[in-house]
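# Structural overview
Spelled out, the chains give:
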Number of protein chains: 4
Amino acid sequence: MAKSRFEYVRTYEQDGILLPNTYVVIRLDGRGFHRFSARYNFRKPNDKRALCLMNATAKQVMGQIPDVAGAYGQSDEYSFVLRRECRLFDRREAKLVSTFASTFTAHYQFLWPQYFPDTRLDGSMLPSFDARAVLYPSLREVRDYFSWRQADCHINNLYNTAFWTLVLGGGLSEHDAEQALMGTNSGDKNELLFSRFGINYNNEEAMFRKGTMLVRDVCSADPSSPESTDSRDVPDQHEKSKRQVEREEKARRKAEIVEMHVDIIGDEFWKNSARWIS
Amino acid sequence: MAKSRFEYVRTYEQDGILLPNTYVVIRLDGRGFHRFSARYNFRKPNDKRALCLMNATAKQVMGQIPDVAGAYGQSDEYSFVLRRECRLFDRREAKLVSTFASTFTAHYQFLWPQYFPDTRLDGSMLPSFDARAVLYPSLREVRDYFSWRQADCHINNLYNTAFWTLVLGGGLSEHDAEQALMGTNSGDKNELLFSRFGINYNNEEAMFRKGTMLVRDVCSADPSSPESTDSRDVPDQHEKSKRQVEREEKARRKAEIVEMHVDIIGDEFWKNSARWIS
Amino acid sequence: MAKSRFEYVRTYEQDGILLPNTYVVIRLDGRGFHRFSARYNFRKPNDKRALCLMNATAKQVMGQIPDVAGAYGQSDEYSFVLRRECRLFDRREAKLVSTFASTFTAHYQFLWPQYFPDTRLDGSMLPSFDARAVLYPSLREVRDYFSWRQADCHINNLYNTAFWTLVLGGGLSEHDAEQALMGTNSGDKNELLFSRFGINYNNEEAMFRKGTMLVRDVCSADPSSPESTDSRDVPDQHEKSKRQVEREEKARRKAEIVEMHVDIIGDEFWKNSARWIS
Amino acid sequence: MAKSRFEYVRTYEQDGILLPNTYVVIRLDGRGFHRFSARYNFRKPNDKRALCLMNATAKQVMGQIPDVAGAYGQSDEYSFVLRRECRLFDRREAKLVSTFASTFTAHYQFLWPQYFPDTRLDGSMLPSFDARAVLYPSLREVRDYFSWRQADCHINNLYNTAFWTLVLGGGLSEHDAEQALMGTNSGDKNELLFSRFGINYNNEEAMFRKGTMLVRDVCSADPSSPESTDSRDVPDQHEKSKRQVEREEKARRKAEIVEMHVDIIGDEFWKNSARWIS
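Residues numbered from 1 in each chain as written. Chains lettered and ligands numbered in written order. Predicted model: local features only at pLDDT ≥ 70, side-chain atom pairs only at ≥ 80, totals over all residues. Heavy atoms only, no water.

As recorded by an unreviewed UniProt entry, chain A carries the name tRNA(His) guanylyltransferase and is attributed to Lipomyces tetrasporus. UniProt, in the comment section headed Catalytic activity (unreviewed entry), describes chain A in these words: "a 5'-end ribonucleotide-tRNA(His) + GTP + ATP + H2O = a 5'-end phospho-guanosine-ribonucleotide-tRNA(His) + AMP + 2 diphosphate + H(+)". As its UniProt record puts it under Sequence similarities (unreviewed entry), chain A is described as follows: "Belongs to the tRNA(His) guanylyltransferase family." (UniProt positions renumbered as here; feature names shortened; annotations may be inferred.)

In structure tokens, the structure reads:
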């Protein structure tokens, strides 16, 4: 069998190696979730079951891939940040994004019956996700990335809350609700919710307003882990002993995954970030 | 909400656009299927249920993505070739590989109970797939790519058939079977199967020996489609009228997907390749 | 000396390999040639010395790099097309573009005194060029690429000829000449040149109107070279014998470089393209 | 003129944008300088004229491109590091490497007569350079990069000094000198030079042993520039006012370029690195 005659086609594969020692953020987005959420009757403006399913799925992914330091989810998207030293799959981009997309999809479908016990998935509309990888050379940018997503969550959720309150509570058509909100700012929407419907937006569920942050609390598994170090002082991976690398890997595997629905834009959240990302 | 302050992080995203007018092959590989197949008791050397599940899954993917012209599967891998004119997702590599991996995963899990009715999937070991994209500028290389995978199928399947026949039929330990086959060529393995076990390898199921080729028979849906043209004469996408592009797109959606277990290395199979790839 | 301690920085280098078996076009552009041409008093609208210097430089580059099949130059730019089989520098993009830019720059400066014997270069304004590489999977696109550049040459040269005729022959200010040409099409400019200045644009020098095409006439060096084959039938590089590859390489080295100032948009020029590109 | 019909070929260009906020090191290497140095009779083991020509050329490049923070040269290579905030050419890789290669080549040839007044360049062997770009996300890696090049300089120069001393001073053939040095370590070579030829290697010229470091002393041009800040505290480019960015740009243009032949592996050199790189 002339195997070797065809093997040259392998030389057309391109490596696609992500720059070493750089944070990798992998963001997954639900494909066609506008139609998907309509098909499966997601509640408006937020379906708690759907968000909890996303969070449970993300935890499974983090459980299986210890290099994920933290993750942030809102709506039908989830962003995972990998430690800057991560060498998973030799940092091959295609392998990373496809594996995250596949693993997330697998757990989402598997967990579905727990969160939607009365709704069976239909083979003609299964949940699927695409993924992309973005590199950030410093922790500052990683923080700004997560802030960007939470700001996006806030803007969308405030709009959606006002919109669906007008529709479901105020009896407006979707078209009229859209018109009513056109040109309004955040203050206007808060005021509208409060004055017309007695809703204090800040009392809405934190998970809806803030999204969900998952962090791997490495210190919970390894009390000797340095809390106060910052990324500048941490020795590079190649300077660590093999034993130390293995000890840290084990600590990550055992570490608790903590779920939070808090502000991640201000400084407070990032004060202890060395506990989970470094 | 200071959204704009964080938006700069988007500028770190890289396009990753695949070269236009070039065939894209997307190959999916089962992740950890050695352990996976052991966990779910796949039959050796081939589990027909598992292969048929792969094929059924691949057909679902082809059904949803009309730009797939054909696909070849064997063992736990599947390769999809996209038309060279394909503009799906603006040819963004990450979006393509993650979507294929996710969609394949979703259908594989969904179809699982049809093929393994007595075996429930276990949340700690769900099937998942990684994916990569490779570009080929000419049909010659696409053909050689598929030949490469079928040659690989042949070599592995002949080995596995001999190995498991020695173990299951001959009572050898796995270690002894490995030793017995060390250094043997194809002829030796054929001879061993025939003389010691009365097995004519060529009578084994074609799907095991040849793998599975799926092609979208565009002509079945559009009899006016040119059969005899070759890639050189076909006008470029940008020279086609919009109406023609839409008509072809519709034909692809309606086209039958044909499953074959035949030799794809020789010329015969490629004689009518203009029917499905151009 | 702890050399190995630092060697890890090499792992940050990325390959940047250009897709095999694909035409590579490398386009060089003069850096800041608007100021450069003013500084060295280039004649308007065309300085024949400057164009001939570009052409002579390009021939030197082609002479040194046999993988260049042909080149097209106009104004301060030159495009080189490499054979699709070219393996120069393992097809590393950075090495290719930097080497072309450097080699072109070296010869341009070296040849300068032959074309501008009365004008010495000034160290504060030396000629330099940037370069980029673009991949084209088929000959059709290579042809369209060259057509694109010649169409660009035509449009710019017709405009510049009309503009400078108005300024130098008609006594208009540059501002007034610009106004006079605003909104005119090709026919208007031809008419203006003819009716007001008695200039038949088609009688202008072909090098100005058509730019310069350089082709390596391989057949001149190897009469046995196939003239009638097209790219589809040519065996792939990996199917050629080593001796044949070497013979072809030698023929390219010895082949005459032919300079032409002709239409390269129509079919005529491409009829014999197998003589120089395949 | 059907310009638009061909314009589609532009869509095949790929961006090749280097990751923002990351140090870019551009390394130039002389092409075929083994033959080049033989052709122009460079002195062995070091030709001071040739090294000074490299340094003078690098200074011209730094003078023209203010984003270069520093550079290190040895033998026929030069490495330039760009500020992490650098946005030159929108960080397009091909444009960066080709421009550096071209500009360096232009000045090298132009300055040649100053350093080799008695040796005219020959058109059949002009000096040229290739270039590559490597990204480093942190200052630690930039430092290690320069250390790697200086360690390389040390090892090669000690070897070459011993080799040519054996040949030129000891009368050995090149073959015998090579044999004599095989398997020797640094101590052996030092000992050999001292005991047999009375040469204390540490008294050799620092430029030969240490190579040449060029830094842009920004503080010399802007005394208010922060000396003590480190990269972590410096606000990101996008947080700086436009006026501040322009002031810094101006300071870089005016800043003195300082040449040093010192150890750049130890901490001492890097203590004041905020003066030139941040």
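## As for the state of the cysteines
All names here are of chain B. Counted under the stated rule, the structure contains 0 disulfides over all chains. As a non-bridged cysteine, Cys153 has Cys52 as the owner of its nearest cysteine sulfur, 14 Å distant. By relative accessible area, Cys153 is classed as buried at 4%. (Disulfide = S-S within 2.5 Å. Buried < 20%, exposed > 50% of the residue type's maximum accessible area, 1.4 Å probe, protein only.)

## Considering the packing of aromatic side chains
Overall, the coordinates contain 112 aromatic pairs over all chains when judged by the stated rule. Each ring, one from Phe80(A) and one from Phe100(A), has its centre 5.5 Å from the other, and the planes form 50°; the classification is tilted. Of this pair, Phe80(A) sits in strand β3 (residues 77-82) while Phe100(A) sits in helix α3 (residues 93-115), and the two are 20 residues apart along the sequence. For the pair Phe80(A) and Phe100(A), one class covers both residues: buried. Look at Tyr108(D) and Phe129(D): their rings are 5.3 Å apart centre to centre, the planes differ by 65°, and that puts the pair in the edge-to-face class. (Phe/Tyr/Trp six-rings, centres within 6.5 Å; stacked < 30°, edge-to-face > 60°. Helix = DSSP H or I, 4+ residues; strand = E, 2+ residues; numbered from the N terminus.)

## Thoughts on the sheet that holds strand β6 (residues 256-260) of chain B
All names here are of chain B. Strand order in the open sheet made by the 6 strands is β4-β1-β3-β2-β5-β6, with antiparallel pairing throughout. Two strands bound the open sheet, and with one partner strand each, they are β4 (129-136) and β6. Across the sheet, the mean angle from the axis of one strand to that of its neighbour is 20°, orientation sign disregarded. (Pairing = 2+ DSSP bridges. Axes fitted to C-alpha atoms, helices over the stretch in contact; angles between N-to-C directions.)

## Concerning the relation of the copies chain B and chain A
For the pair chain B and chain A, the best superposition has an RMSD of 0.0 Å and corresponds to a rotation of 180° with a translation of 0.0 Å parallel to the axis. Interpreted geometrically, this transformation is the action of a two-fold axis. In this assembly, 100% of the residues forming the interface of chain B have copies in chain A that are likewise at the interface, indicating an isologous arrangement. (Least-squares fit on C-alpha atoms with pLDDT ≥ 70 in both. Contact = heavy atoms within 4.5 Å.)

## What to know about the environment of Ala94(D)
With respect to the element layout, Ala94(D) can be found in helix α4 (residues 93-115). A C-alpha to C-alpha distance of 8.9 Å links Ala94(D) and Asp15(D), two positions 79 residues apart in sequence. Beyond its immediate sequence surroundings of up to four residues, Ala94(D) is in contact with Glu93(C), Val97(C), Ala131(C) and Arg132(C).

## Some details on the pattern of salt bridges
Per the counting criterion, the structure on display carries 82 salt bridges over all chains. When the shortest N-O distance is used, the salt bridge between Glu13(B) and Arg27(A) registers 3.5 Å. Residue Glu13(B) is found in the segment before β1 (23-30), and its partner Arg27(A) is found in strand β1 (residues 23-30); the two belong to separate chains. Taking the relative accessible area as the measure of exposure, Arg27(A) reaches 7% and is therefore buried. Salt-bridge contacts for Arg253(D) lead to Glu249(D); the nearest nitrogen and oxygen are separated by 3.3 Å. Remark: Glu249(D) and Arg253(D) occur in helix α10 (residues 242-254); sequence separation between them is 4 residues, near one turn of the helix. On the accessibility criterion, Arg253(D) (54% relative accessible area) is exposed. Judged by its relative accessible area of 27%, Glu249(D) is partly exposed. Counted as one network, the salt bridges with shared partners bring together Glu13(A), Arg27(B), Asp29(B) and Arg132(B). (Salt bridge = Lys/Arg side-chain N within 4 Å of Asp/Glu carboxyl O.)

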